[in-house]
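One letter stands for each residue in the lines below.
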Amino acid sequence: MQDIRRVGVVGSGLMGSGIVEVVARAGLAVTFVEGDDALVAAGRDRVRASLERAVARGKLGAGDGDAALGRIEGVTDVGALAEADLVIEAATEDPAAKGAIFARLGAETRPEVILASNTSSIPIATLGAASGRPSHVVGMHFFNPVPVMTLVELTPGPATSEATYELARSFARDVLGKTTVRSSDEAGFIVNRLLIPYLYDAIRLYERGFATREDIDAAIHLGLGHPMGPLALADLIGLDTVLSIGEVLRGAFGGERYEAPAMLRDLVAAGRLGRKTGGGFYDA
Ligand SMILES: NC(=O)c1ccc[n+]([C@@H]2O[C@H](COP(=O)([O-])OP(=O)(O)OC[C@H]3O[C@@H](n4cnc5c(N)ncnc54)[C@H](O)[C@@H]3O)[C@@H](O)[C@H]2O)c1
């Protein structure tokens, strides 16, 4: 495998901070980029808190937690990724914003560097085109919480080289210890193509008073053995992220299936984005 010593991560929210953490725990140096100094500090705090939880649960030695934190650097300028050997983008799920980020990454990083995206739904072909080097762009979709969830869904775009795909696969598998699956490059890939219609149906049932939120979630949790029900899961993912993914799917495939329920739009408009803001369908 190509020598990867320093990884760049764009965004340090729910997912970016988790990706920063697992890369640092694997012994590599990480530079993450955020919008401003306060967001850099918030990202670092998220990583620190998660490392402390891992130490408290006995999953990580105290010294290892400190050492991982010492390998992490937060910056506000994508230009600082000039030294990165691999970049993983995990910024807000907004097609226009991600397009602009990939254009910058294409210009600021070395031409041989692979640019991966943690996008949940945006076709890799789009991001590849924006970067100016589509052969080096690949979808690398982690799951929340990143240190715990073992799957990485990989998506090559139509122009992605097999060498790029293989590097992403061996990095996920051999460096981070994840299991990978390969998806075709259509909006939503495998997981969100199946997940979003399910979440939307659950929200519609709740919206029309078919059952309480607790009963909908208990039915799926206990009846199907899922770790949590759909409304709790939507709160965990972030309602703004659920809506953004749904909008990408609606744009790609149309139809009622991907029409966002009014209740979801209302909660997002009210700033109730789920656990990350203190509440969504449930008060956190
Ligand atoms: N939430 C989930 O469960 C989940 C799971 C898998 C993948 N994803 C994907 O991961 C990505 C991030 O989602 P999230 O849940 O972490 O969202 P989030 O809102 O928690 O974090 C997004 C972060 O990106 C930062 N950001 C936005 N524009 C930026 C820019 N130009 N440069 C640097 N930072 C920027 C924001 O300040 C924010 O901190 C999205 O593409 C999402 O679809 C989310």
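Worth saying up front: this structure is predicted, and the values here are computed from it rather than measured.

Criteria and cut-off values
In this numbering scheme, every chain counts its residues from 1 along its sequence in written order. Since the coordinates come from a predicted model, pLDDT governs what is reported: local features require at least 70, and pairs of side-chain atoms require 80 or more to be given and counted, while whole-chain, interface and lining totals use all residues. For the side-chain quantities, the full set of heavy atoms in the structure was used; hydrogens and water were omitted. Only residues whose relative accessible area exceeds 30% and that form no salt bridge are eligible for patches; like-charged ones are grouped when within 9 Å, while nonpolar side chains (Val, Leu, Ile, Met, Phe, Trp, Tyr) are grouped when within 5 Å. Note on areas: Shrake-Rupley, 1.4 Å probe, and residue coverage restricted to the protein chains presented here. Salt bridge criterion: a side-chain nitrogen from Lys or Arg within 4 Å of a carboxyl oxygen from Asp or Glu. Helix and strand assignments follow DSSP, with helices taken as H or I runs no shorter than four residues and strands as E runs no shorter than two, numbered in order from the N terminus. Think of it in three bands: with a 1.4 Å probe and only protein chains considered, a residue is buried below 20% of the maximum accessible area for its type, exposed above 50%, and partly exposed in between. Paired strands, in this sense, are two strands between which DSSP finds at least two bridges. Handedness of a crossover is defined as follows: orient the strands so they point away from the viewer, and if the path from the first strand over the helix to the second runs clockwise, the crossover is right-handed. A fitted line through C-alpha atoms serves as each axis, taken over the contacting stretch for helices, and the angle formed by two N-to-C directions is quoted from 0 to 180°. Contacts: residue pairs with any heavy atoms within 4.5 Å of one another. Stacked, tilted and edge-to-face are the three classes assigned to paired rings of Phe, Tyr and Trp, where Trp is represented by its six-membered ring and a pair needs centres within 6.5 Å; plane angles under 30 degrees give stacked, over 60 edge-to-face, the rest tilted. Criterion for a charge above a ring: Arg CZ or Lys NZ at most 6 Å from the ring centre, at most 35 degrees from the ring normal.

J.: In this structure, what is going on with a nonpolar patch on the surface? I would like to understand it.
T.: Side chains of Val181, Ile190 and Leu194 sit close together on the surface and give an oily, nonpolar patch of about 250 Å² of accessible area. Along the chain, the position of Leu194 falls in helix α7 (residues 191-207). Judged by its relative accessible area of 61%, Leu194 is exposed.

J.: I keep staring at the pattern of salt bridges and nothing clicks. Help me out?
T.: Where side chains of opposite charge bring their charged atoms close, a pairing between them can arise. Overall, the coordinates contain 21 salt bridges when judged by the stated rule. Residue Glu89 is joined to Lys98 by a salt bridge in which the shortest nitrogen-to-oxygen separation is 2.5 Å. You'll find Glu89 and Lys98 in the same group, each marked buried. Where Asp174 meets Arg173, a salt bridge forms, and the shortest distance between an N and an O atom there is 3.1 Å.

J.: Please explain the pairing of strand β1 (residues 6-10) as it appears in this structure.
T.: Taken residue by residue, a regular strand's side chains alternate between the two faces of the sheet. Counting buried positions over the five residues of β1 gives four, a clear majority of the element. Sheet analysis places β1 next to strand β2 (residues 29-33), joined by five bridges and oriented parallel. For Val9, the partnering residue across the bridge sits in β2 and is Phe32. In the classification by handedness, the crossover that spans β1, the intervening helix α1 (residues 14-25) and the parallel β2 is right-handed. Relative to strand β4 (residues 86-89), β1 runs parallel, the two sharing four bridges. In the sheet register, Val7 faces β4, and the bridge partner there is Leu86.

J.: Help me understand the sheet that holds strand β7 (residues 151-156) in this model?
T.: Note: strands within a sheet are paired through backbone hydrogen bonds, in either parallel or antiparallel orientation. Spatially, eight strands are ordered β3-β2-β1-β4-β5-β6-β7-β8 in an open sheet, and the strand pairing comes out mixed. Edge positions in the sheet fall to β3 (72-75) and β8 (179-182), since each has one partner strand and no second. Each adjacent strand pair in this sheet contributes to an overall mean axis angle of 25°, direction not counted. Here helix α5 (residues 124-131) sits on the sheet and contacts β5 (114-117), β6 (137-141) and β7; the angle it forms with β6, its principal contact strand, is near 135°.

J.: Help me understand the pairing of β6, please; the structure alone is not making it clear to me.
T.: With respect to burial, β6 is a largely interior element, five of its five residues being buried. The two faces of β6 match: Val137, Gly139 and His141 on one face and Val138 and Met140 on the other face are all buried. Two elements, β5 and β6, share three bridges in a ladder whose sense is parallel. Its bridge partner lying in β6, Leu115 is registered against Val137. The parallel pair β5 and β6, bridged by α5, forms a crossover whose chirality is right-handed.

J.: I tried to follow the side chain of Thr164 on my own but got confused; where do I start?
T.: Looking at the secondary structure, you find Thr164 in helix α6 (residues 162-175). Apart from residues no more than four positions distant in its own chain, Thr164 is found in contact with Ile114, Ser135, His136, Val137 and Val138.

J.: Can you walk me through the packing of aromatic side chains in this structure?
T.: Aromatic ring pairs are described here by two measures, namely the spacing of the ring centres and the angle between the planes. All chains considered together, the criterion is met by two aromatic pairs. An angle of 70° between the planes, with centres 6.2 Å apart, marks the rings of Tyr206 and Phe281 as edge-to-face. Highlighted residues: Tyr206 in helix α7 and Phe281 in the segment after α11 (262-269), separated in sequence by 75 residues. Judged by relative accessible area, which is 5%, Phe281 ranks as buried. When the ring centre of Tyr165 is taken as origin, the NZ or CZ atom of Arg182, which lies over that ring, is 4.1 Å away. Taking NZ or CZ as reference, Arg193 lies 3.9 Å from the ring centre of Phe253, over its face.

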